[in-house]
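Summary of structural features
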Amino acid sequence: MATNASTRIRVFLAGLRAVLVLTVIVGIAYPLAMTGLAQAAFHDQANGSKVKADGKEVGSSLIGQSFDLVDKDGNPRLFDADGKEVVKHDDNGTVTYTYLQGGAQLTEEQAGGVATQPDPRWFQPRPSASNYDGLASGASNYGPENPTFVQLVKDRKKQVAEFNKVSEDQVPPDAVTASGSGLDPHISKANALIQVNRVAEQRHLDPAKVKKLVDDHVQGRIVGILGDERVNVLELNIALNKAAPAQ
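These numbers were taken from a predicted model, which means no experiment stands behind them. (Residues numbered from 1 in each chain as written. Predicted model: local features only at pLDDT ≥ 70, side-chain atom pairs only at ≥ 80, totals over all residues. Heavy atoms only, no water.)

Taken in spatial order, the three strands make up an open sheet running E6-E8-E7, and their pairing is antiparallel. Edge positions in the sheet fall to strand E6 (186-188) and strand E7 (218-219), since each of these pairs with one other strand and no more. Of the strand pairs in this sheet, E7 and strand E8 (residues 230-232) are connected by two bridges, and their pairing is antiparallel. Opposite Val218, over in E8, you have Val231 as the bridge partner. Each of E6, E7 and E8 touches helix H7 (residues 233-243); the most contacted strand, E8, lies at about 60° to it. (Pairing = 2+ DSSP bridges. Helix = DSSP H or I, 4+ residues; strand = E, 2+ residues; numbered from the N terminus. Contact = heavy atoms within 4.5 Å. Axes fitted to C-alpha atoms, helices over the stretch in contact; angles between N-to-C directions.)

Attention shifts here to the layout of surface pockets. Roughly 1000 Å³ of internal volume is contained in the largest pocket. Surrounding the largest pocket, 31 residues form its lining, Asp68, Thr116, Gln117, Pro118 and Gln159 being those nearest its centre. Examining the composition of the lining of the largest pocket, we find that seven residues originate from one element, helix H3 (residues 147-164), more than from any other. Along the lines of polarity and charge, the residues of the lining of the largest pocket split into 12 nonpolar, 12 polar and seven charged. (1 Å grid on protein atoms, 1.4 Å probe; cavity = no way out; pocket = protein on both sides within 12 Å on 5 of 7 lines; lining within 4 Å. Points joined across faces, edges and corners; volume = space filled by probe spheres on them. Nonpolar A, V, L, I, M, F, W, Y, C, P; charged D, E, K, R; others polar.)

The subject of this paragraph is the pairing of strand E2 (residues 56-60). By the bridge criterion, four bridges tie strand E1 (residues 50-53) to E2 in an arrangement that is antiparallel. Residue Ala53 lies in a different strand from E2, and its bridge partner there is Lys56. The hairpin turn running from E1 into E2, its antiparallel successor, is two residues long, and Asp54 in that turn takes a positive phi close to 55°.

A word on the packing of helix H6 (residues 207-216) against H7. In a packed pair of helices, the relevant descriptors are the angle between the two axes and the axis-to-axis distance. Two numbers describe how H6 lies on H7: the axes approach to 10 Å, and their chain directions differ by 145°. For the pair H6 and H7, the sense of crossing is right-handed. Across the interface between the two elements, Lys209, Leu213 and Val214 of H6 pack against Leu236, Ala239, Leu240 and Ala243 of H7. Classifying every residue of the contact of H6 with H7 gives six nonpolar, no polar and one charged. (Left-handed = near helix turned anticlockwise from the far one by under 90°.)

Right, let's get into the packing of helix H5 (residues 196-203) against H6. It is at 9 Å that the axes of H5 and H6 come closest, and there the two elements cross at 125°. Put simply, H5 runs oblique to H6. As H5 runs across H6, the sense of the crossing is right-handed. Counting all contacts with H5, which are made through Val196, Asn197, Val199 and Ala200, the residues of H6 involved are Pro207, Val210, Lys211 and Val214. (Parallel < 35°, antiparallel > 145°, perpendicular 65-115°, else oblique.)

This next bit is on the nonpolar core. Counting residues in hydrophobic clusters, the biggest one holds 22 residues, and the most contacted among them are Phe123, Val210, Val214, Val231, Leu236 and Leu240. Mapped by element, the contributors of at least two residues to this core are E1, H5, H6 and H7. Per-element accounting of this core gives the leading share, six residues, to H7. Dropping the residues within four chain positions of it, Phe123 is found in contact with Phe67, Ala192, Gln195, Val196, Arg198, Val199, Val210, Val214, Val233, Leu236, Asn237 and Leu240. Listed in part, the nine residues of the second largest apolar core include Phe149, Val153, Val166 and Val176. (Core = buried A, V, L, I, M, F, W, Y, C linked by side-chain atoms within 4.5 Å. Buried < 20%, exposed > 50% of the residue type's maximum accessible area, 1.4 Å probe, protein only.)

Moving on: the packing of aromatic side chains. Applying the stated criterion across every chain, the model contains one aromatic pair. Pairing Phe67 with Trp122 gives two aromatic rings, centres 5.7 Å apart and planes at 35°, and the pair type is tilted. Of this pair, Phe67 sits in the loop between E2 and strand E3 (78-79) while Trp122 sits in the loop between strand E5 (94-99) and H3; the two residues are 55 residues apart in sequence, bridging distant segments of the chain. The class of Trp122 is buried, set by a relative accessible area of 16%. The cationic tip of Lys84 hangs over the ring face of Tyr99; the distance from NZ or CZ to the ring centre is 6.0 Å. It is Arg203 that lies over the ring of Trp122; its NZ or CZ is 4.4 Å from the centre. (Phe/Tyr/Trp six-rings, centres within 6.5 Å; stacked < 30°, edge-to-face > 60°. Lys NZ or Arg CZ within 6 Å of the ring centre and 35° of its normal.)

Set out below in structure tokens:
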């Protein structure tokens, strides 16, 4: 009996030592080594590929973001289905809206749906099924022949064409369709080019100067063969704002 007990204790202690050693190696030493290597060799990427403007972090080069109209405090401005601006009220979880000029409180359904609107002073990203929320990344999961998706694309094409004062035939596919993640920070060169005149007009710049900004920010295919030419919207907008700050 004593021998069996002694054997069990030795096996237990051997297993305990193995757990402790592996915990130190795999749970502490390895993560610290990989973290140190990443910080030394890939510092920017390991910290989220953050982008700064005027010394402030304004986003990540890997995650897209919207450039919508905001109020003086930086809060998104909201509009009803007819394009009239509304103000949101939250009374203990009960959300209602009123028009800026006053009037009765409305529910979102009564307002015909409430949404933000793109700011014409900025280059705009492609649509996002998750509204560029990193916690809710994903696509709409609509099939290409889904009636809802087809109508959505038609509506977006009309809106993009009117917003940029171009014909619907000039609107590229990525201007009316979201990426699989809903977080793509890039748009196609064609998408950027149809926005040049609108941005130039809003910024009081020569369209040729704005086009050069686009050309300077075109990124080629990955290793020369993967993907298409693309433009990082955030980086382009930072360069644009340096050339002519938004008023």
